[in-house]
Amino acid sequence: MCNARTMSEGIWGIQPAGPLRGEVEVGGSKNAVTKLMVAALLGDRPSTILNSPSNGDVALTAGMLRSLGAGVALEGRSVVVDPSPIDTARVPLRYSGANRIPILMLGPLVHRLGEAFVPLAGGDRIGTRPVDYHLEALRAFGIEVTETVDGIEAKGTNIRGARIRLPFPSVGATETVLLTAALAEGRTVLENAAVEPEVVELALFLQRMGAGIELQPDRRFVIEGTSHLGPARQRLGGDRIEAFSYLVAGLVTGGRVLVRGCSQDRLVTAISTLRRMGATFDINEEGIAVEGRGLRTAAVHTDPHPGFMTDWQAPLAVLFTQVQGMSILHETVFEDRLGYVAALQQMGAEAELFDQCLGGSACRFHESSWRHSVVVRGGTPLHGTELDMPDIRAGFAYVIAAAAAEGGSVLHGVEQLERGYDSVLEKFRSLGLGITVIEST
Ligand code: UD1
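Residues numbered from 1 in each chain as written. Predicted model: local features only at pLDDT ≥ 70, side-chain atom pairs only at ≥ 80, totals over all residues. Heavy atoms only, no water.

Asks: If you had to explain the site of the ligand to someone new, which residues and values would you point to?
Replies: Not every one of the 20 residues close to the ligand is listed here, only the nearest: Asp132, Ser170, Val171, Asp311 and Val333. For the ligand, a nitrogen atom lies 2.7 Å from a polar atom in the side chain of Asp132. Within the contact set of the ligand, an oxygen atom lies 3.2 Å away from a side-chain nitrogen or oxygen of Arg337. Notes on the ligand: free accessible area 740 Å², of which the protein chains cover 92%. The residue inventory of the shell around the ligand, partitioned by class, reads seven nonpolar, five polar and eight charged. Split by domain, the shell around the ligand shows at least three residues from each of two domains, domain 1 (4-27 + 238-439) and domain 2 (30-235). (Near = heavy atom within 4 Å. Polar contact = N/O pair within 3.5 Å; in protein donor to acceptor, adjacent residues only side chain to side chain. Areas by Shrake-Rupley, 256 points an atom, 1.4 Å probe, with all protein chains shown as cover. Nonpolar A, V, L, I, M, F, W, Y, C, P; charged D, E, K, R; others polar. Domains from an automatic or database assignment.)

Asks: Requested: an account of the side chain of Glu201, with residues and values cited.
Replies: Among the structural elements, Glu201 can be located in helix α6 (residues 197-209). Assessed through its relative accessible area of 5%, Glu201 is described here as buried. (Helix = DSSP H or I, 4+ residues; strand = E, 2+ residues; numbered from the N terminus. Buried < 20%, exposed > 50% of the residue type's maximum accessible area, 1.4 Å probe, protein only.)

Asks: So what's going on with the domain arrangement of the protein chain? Residues and values would help.
Replies: Looking at the protein chain, the domain boundaries give domain 1 (4-27 + 238-439) and domain 2 (30-235). Taking the mean C-alpha position of each, domain 1 and domain 2 sit 30 Å from one another. Approximately 2,300 Å² of surface area, both sides summed, lies buried where domain 1 meets domain 2, with 46% of it carried by carbon and sulfur atoms. It is Arg266, His305 and Arg419 that lose the most area in domain 1 upon contact with domain 2, and together they represent 26% of the buried surface on that side. At the surface where domain 1 touches domain 2, the tally comes to four salt bridges. Our count for the contact surface shared by domain 1 and domain 2 stands at nine residue pairs in polar contact (both at pLDDT 80 or more). Looking at the side of domain 1 that touches domain 2, the elements with two or more residues in it are α7 (240-252), α11 (392-404) and α12 (414-420). Considering every element that reaches the side of domain 1 that touches domain 2, the biggest residue donor is α12, with four residues. (Buried area = accessible area lost by both parts, 1.4 Å probe. Salt bridge = Lys/Arg side-chain N within 4 Å of Asp/Glu carboxyl O.)

Asks: Talk me through the packing of aromatic side chains; I want residue IDs and the actual numbers.
Replies: What characterises a pair of aromatic rings is the spacing of the ring centres plus the angle enclosed by the ring planes. Here the structure, examined in full by the defined rule, presents seven aromatic pairs. Arranged with centres 5.8 Å apart and planes meeting at 85°, the rings of Phe244 and Phe308 form a pair that is edge-to-face. Taken as a pair, Phe244 in helix α7 and Phe308 in the loop between β17 (299-301) and α9 (313-321) lie far apart in primary sequence, 64 residues in all. This pair shows no difference in class: Phe244 is buried, exactly as Phe308 is. When the centroid spacing of 5.3 Å and the interplanar angle of 35° are considered together, the rings of Phe244 and Trp312 count as tilted. In this pair, Phe244 sits in helix α7 while Trp312 sits in the loop between β17 and α9, placing the two residues 68 residues apart along the sequence. Each member of the pair, Phe244 as well as Trp312, carries the same accessibility label: buried. Ring pairing ties together the aromatic residues Tyr246, Phe396, Tyr421 and Phe428, which thus form one cluster. (Phe/Tyr/Trp six-rings, centres within 6.5 Å; stacked < 30°, edge-to-face > 60°.)

Asks: So what's going on with the pattern of salt bridges? Residues and values would help.
Replies: Close approach of charged atoms allows side chains of opposite charge to pair. One pass over the full model with this rule turns up 22 salt bridges. A single salt-bridge network, built from bridges that share partners, covers Arg77, Glu242, Asp422 and Lys427.

Asks: Mind laying out the sheet that holds strand β23 (residues 434-439), listing which residues take part and the relevant values?
Replies: One open sheet holds the four strands; their spatial order is β21-β22-β1-β23, and the pairing between them is mixed. At either end of the open sheet lies a strand with only one pairing partner, and these are β21 (386-388) and β23. Neighbour-to-neighbour, the strand axes of this sheet turn through a mean angle of 20°, independent of strand direction. Inspection of the sheet shows β21 paired to strand β22 (residues 409-412) by three bridges, in the parallel sense. When the bridges of β22 are listed, Asp388 appears paired with His412. Most of the contacts of α11 go to strand β1 (residues 11-15), to which it runs at about 30°, and overall it touches β1, β21 and β22. (Pairing = 2+ DSSP bridges. Axes fitted to C-alpha atoms, helices over the stretch in contact; angles between N-to-C directions. Contact = heavy atoms within 4.5 Å.)

Asks: Account for the sheet that holds strand β13 (residues 233-235), with residues named and values stated.
Replies: Pairing is mixed across the open sheet formed by four strands, whose spatial order is β4-β5-β3-β13. In the strand order of this sheet, the two ends are held by β4 (71-75) and β13, each with one partner. Neighbour to neighbour, the strand axes of the sheet diverge by 10° on average, direction disregarded. Pairing between β4 and strand β5 (residues 78-82): five bridges, direction antiparallel. What sits directly across from Leu74, in β5, is Val79. Helix α1 (residues 30-39) rests against β3 (47-50), β4, β5 and β13 of the sheet, and its axis sits at about 175° to β3. On the sheet, helix α2 (residues 56-67) packs against β4 and β5 and is oriented at approximately 155° with respect to β4.

Asks: Pulling in residues and values, what's your account of unusual backbone geometry?
Replies: Along the chain, His305 connects to Pro306 via a cis peptide bond; the corresponding omega equals 10°. Looking at the element boundaries, Pro306 is found in the loop between β17 and α9. A positive phi angle, near 60°, is found at Asn192, a position not held by glycine.

Asks: Talk me through the side chain of Glu242; I want residue IDs and the actual numbers.
Replies: Looking at the element boundaries, Glu242 is found in helix α7. Residue Glu242 is classed as buried on the basis of its relative accessible area, which comes to 3%. At 2.9 Å, the side chain of Glu242 and the backbone nitrogen of Gly27 are in polar contact. Here the side chain of Glu242 touches Lys427 through a polar contact of 2.7 Å, side chain to side chain. Setting aside its immediate chain neighbours within four residues, Glu242 contacts Val26, Gly27, Tyr421, Asp422 and Lys427.

In structure tokens form, the structure reads like this:
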């Protein structure tokens, strides 16, 4: 049986082969690389990003930057962005809905060329994903912003620092503010900012370019604008989403996975959550390994950093299906990020969605009808099936669910996975998972 078909390109057949065991070297952070590529637009000479993951989002962002005239060289794990040849401030409409990066280009492009156009934002279908915080922030800098049917027009010549308070610590909106404030005239104070490690990586990159940026302990960025930024060269930190996903892939199948290339400080909440469930960690200079049988149930809610990351919840829900007893997951960052639960049910998982806030205190969605909590009665065997991957994180969750299932599965829409995960086919195969590429992307 198959759920609603999307425009799927790649198709994989998954043949479970017992516990996944082995080592995975995670790539540089997907959620930071593209932002650093955008930041490079603000400099006067080429900037270099090292330890870049090789995934579809990097290629897409490179295409967008090239369409503006920028030089982008992708060589192995390095990305070099030369902003000097930029001659247009319009991101072509063909990038409409591609990912969430164009909106971040508005501030830098207005700084460089006095105007900008970006097509409508895309990204994973995990909620309504408005861009109102971005637009309000840009207006606070004195930028004139107009929404059109195709996208967003912006213009401005006198961009001044501003005092901005975000209604919610949005990662993207914080990045918009940092990218706009760095070259604005005067001081910007951003309150209730996101402080995710990837946001801090962007701030560090901008600091290397010459920006005056301080992060105060109370979620407050203070940025002293400067009139000129130079190039930067920075190595990306390891992808904490990828790291967590493979650690859980080992646990779900009763195996043991060692991840290298992602520092422990990016995984503190993830490690403590899995340890509370009874997982055993071995953490040293080599990497982070986890194993564990007979794990205990948990009640987990997602939160902005340093809380339990929303991108970690889908693999965790798959793990819940294999843990005897009732576990609870409460998603508080995106209102509609539990769509993958239907696929787990199709595979035999006992799980029920609720619009109430279960597991943790009431969140922004407590009076809405969004079904953002799930109760999983674990310990039921999963069986293989045929599924479409709706987004990156759900896609990975389906692979590990298929790896833990009895019988084979067929997964459509593998391009979702490849957009966000570095060398995902090779990495799963190296852990012992049987994957047949039925149709390549
Ligand atoms: C980024 C990450 C994504 C991660 C998320 C939260 C990238 C490419 N993606 O997404 O993997 O899950 O952070 O850690 O880095 N919001 C508004 N209005 C806005 C902006 C956001 O209402 O203008 C809301 C969103 O709908 C959501 C919440 O704020 O409910 C958080 O979104 P945000 O942190 O902005 O996520 P992204 O930056 O899109």
